[in-house]
Amino acid sequence: MRLEKCWFCSSTIYPGHGIQFVRNDCTVFKFCRSKCHKNFKMKRNPRKVRWTKKYRELHNKDLARDTVFEFERKRQRPERYDRNLVENTLKAMKKIDDIRVSRRERFWLNRMKVKKIKERKEDLKELEQGIDLVKAPLAFQEDSTLTIPNAKKMKVVITKPDEESHQMEE
Amino acid sequence: MRTNLKVVDNSGAKRVMCIQALKGKKGARLGDTIIASVKEAQPRGKVKKGEVVYCVVVRAAMPRGRCDGSEIKFDDNAVVLVNKQGEPIGTRVFGPVPHELRKKKLVKILTLAEHIA
C-alpha cells in the first residue's frame, strides 16, 4: 500500500480513492477526486489555479523548500530489513511530523505579521482623520482643553462588576 | 460489438472491429479477450484484411476498478492480437499496458510491453 500524491492539488490519495489516468506516452496521472480530474480535463495548469499546493508553493504562500521535506522523497533502493532501523524510523517519523507542522505554522505567522503592522498604521490614520465622527470640530474650537487622545498612550479603564449583587441573587 | 479498436502490436493489422466478447454479458472490458474482424491492415503483415482474429483488450477509455478501490483508465481503446492459446502473434507491443493481464495469465504480453501501468 502506498500513499500517492494527487497530480493536480498535491494532496495524499488514500487507498480506495481517486482515478488513475494513463496517457499513451506512459505518463501516469493520479487524481484524488473528481474535482482535480475535471480540472485536468479542462486543461487547466495547476500552477495557475489558486487552491492547489503547486500554486501556493510557487507564490511563497506555503513553506516549499525545507530539509523536512527531504525525508519524504521516494527512494529507489530497497533497504535490507533491520528491526532496529525500523523502530528508529518509526520514532523519527512522528518527530518529523511534529517539526513539519510547527515549521509550517511559523512560516504562516511570519507571513501574517506584515498585515498587523499595516492595520495599526491605517487605524491611527483613521483616528486622526475621522475624529469628526466622535467629537464635532466645533467642540474642539470652543473648548481648547479637549484634545485628540494619543492612541499609543490611551488607556481604557475596566470597571469590575458589583460582587455584592451576585451574592444577593444566590 | 462493432467497436473499432486500435491494434498496438506489429502483427500487421491496424484497425480491428469487435465481433464478439468472449466473456461477460455486458461486453468486454480491460483485460478481456474478444473476437474481432480485421478492418485495416498493413500490406505485408501476418494478418490480412477481413480475417477473424482473437484479441486482448490492453487499453480502454472506460475506467476499470482495481481491487484496492482505485480506478484506472487510458486514453484510447487498444488491442493486441493473440492466438487461441493467449500468445501474442506480434513480437512487439507499443504503449502502456495494465497489470490486470497478469491475473488473466497473459504474461507474454506483459514481457513485451514497454510500460506496465
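Figured I'd write up the structure that's included with this text. (Residues numbered from 1 in each chain as written. Chains lettered and ligands numbered in written order. Predicted model: local features only at pLDDT ≥ 70, side-chain atom pairs only at ≥ 80, totals over all residues. Heavy atoms only, no water.)

## Here we look at the nonpolar core
Burial of nonpolar side chains together is a common tendency in soluble globular proteins. Residues and elements named next belong to chain B. With 21 residues, the main nonpolar core has Val16, Ile34, Val53, Cys55, Val79 and Leu81 as its most contacted residues. Those elements giving two or more residues to this core turn out to be strand E1 (4–7), strand E2 (13–21), strand E3 (33–41), strand E4 (52–59), strand E6 (71–74) and strand E7 (78–82). Leaving out residues up to four positions away in the same chain, Val16 has contacts with Thr3, Asn4, Leu5, Val7, Ala36, Ser37, Val38, Lys39, Val53, Cys55, Val79 and Leu81. Counting residues in each nonpolar core, the second largest holds 13 residues, with Val58, Ala78, Val80 and Ala113 among its members. (Core = buried A, V, L, I, M, F, W, Y, C linked by side-chain atoms within 4.5 Å. Buried < 20%, exposed > 50% of the residue type's maximum accessible area, 1.4 Å probe, protein only. Helix = DSSP H or I, 4+ residues; strand = E, 2+ residues; numbered from the N terminus. Contact = heavy atoms within 4.5 Å.)

## A look at the pattern of salt bridges
Note on pairing: side chains with opposite charge can pair once their charged atoms come close. For the coordinates displayed, the defined rule picks out twelve salt bridges over all chains. A salt bridge links Arg59 of chain B to Asp76 of chain B, with the nearest nitrogen and oxygen atoms 3.0 Å apart. Residue Arg59 of chain B is located in strand E4, and its partner Asp76 of chain B is located in the loop between E6 and E7; the two are separated by 17 residues in the primary sequence. In terms of burial, Arg59 of chain B and Asp76 of chain B fall into one category: buried. Three or more residues joined by partner-sharing salt bridges are found here, namely Lys53, Arg56 and Asp62 of chain A. (Salt bridge = Lys/Arg side-chain N within 4 Å of Asp/Glu carboxyl O.)

## So, the layout of surface pockets
For the largest pocket, the calculated volume is near 1800 Å³. Surrounding the largest pocket, 41 residues form its lining, Arg2, Phe71, Glu72, Arg73 and Lys74 of chain A being those nearest its centre. Elements with a contribution of two residues or more to the lining of the largest pocket: strand E1 (4–5), helix H2 (53–58) and helix H3 (83–129) of chain A. The leading source of residues in the lining of the largest pocket is H3 of chain A, at nine residues. Looking at the lining of the largest pocket, its residues break down into 17 nonpolar, four polar and 20 charged. When we break the lining of the largest pocket down by domain, the ones giving at least three residues each are domain 1 (1–62) and domain 2 (65–151) of chain A. Estimates place the volume of the second largest pocket at around 420 Å³. Lining the second largest pocket we find 21 residues, and of these Glu4, Gln20 and Lys30 of chain A together with Asp68 and Ser70 of chain B sit closest to its centre. Among the secondary structure elements, those contributing two or more residues to the lining of the second largest pocket are strand E3 (19–22) and strand E4 (28–31) of chain A. By residue number, the principal contributor to the lining of the second largest pocket is E4 of chain A, which donates three residues. (1 Å grid on protein atoms, 1.4 Å probe; cavity = no way out; pocket = protein on both sides within 12 Å on 5 of 7 lines; lining within 4 Å. Points joined across faces, edges and corners; volume = space filled by probe spheres on them. Nonpolar A, V, L, I, M, F, W, Y, C, P; charged D, E, K, R; others polar. Domains from an automatic or database assignment.)

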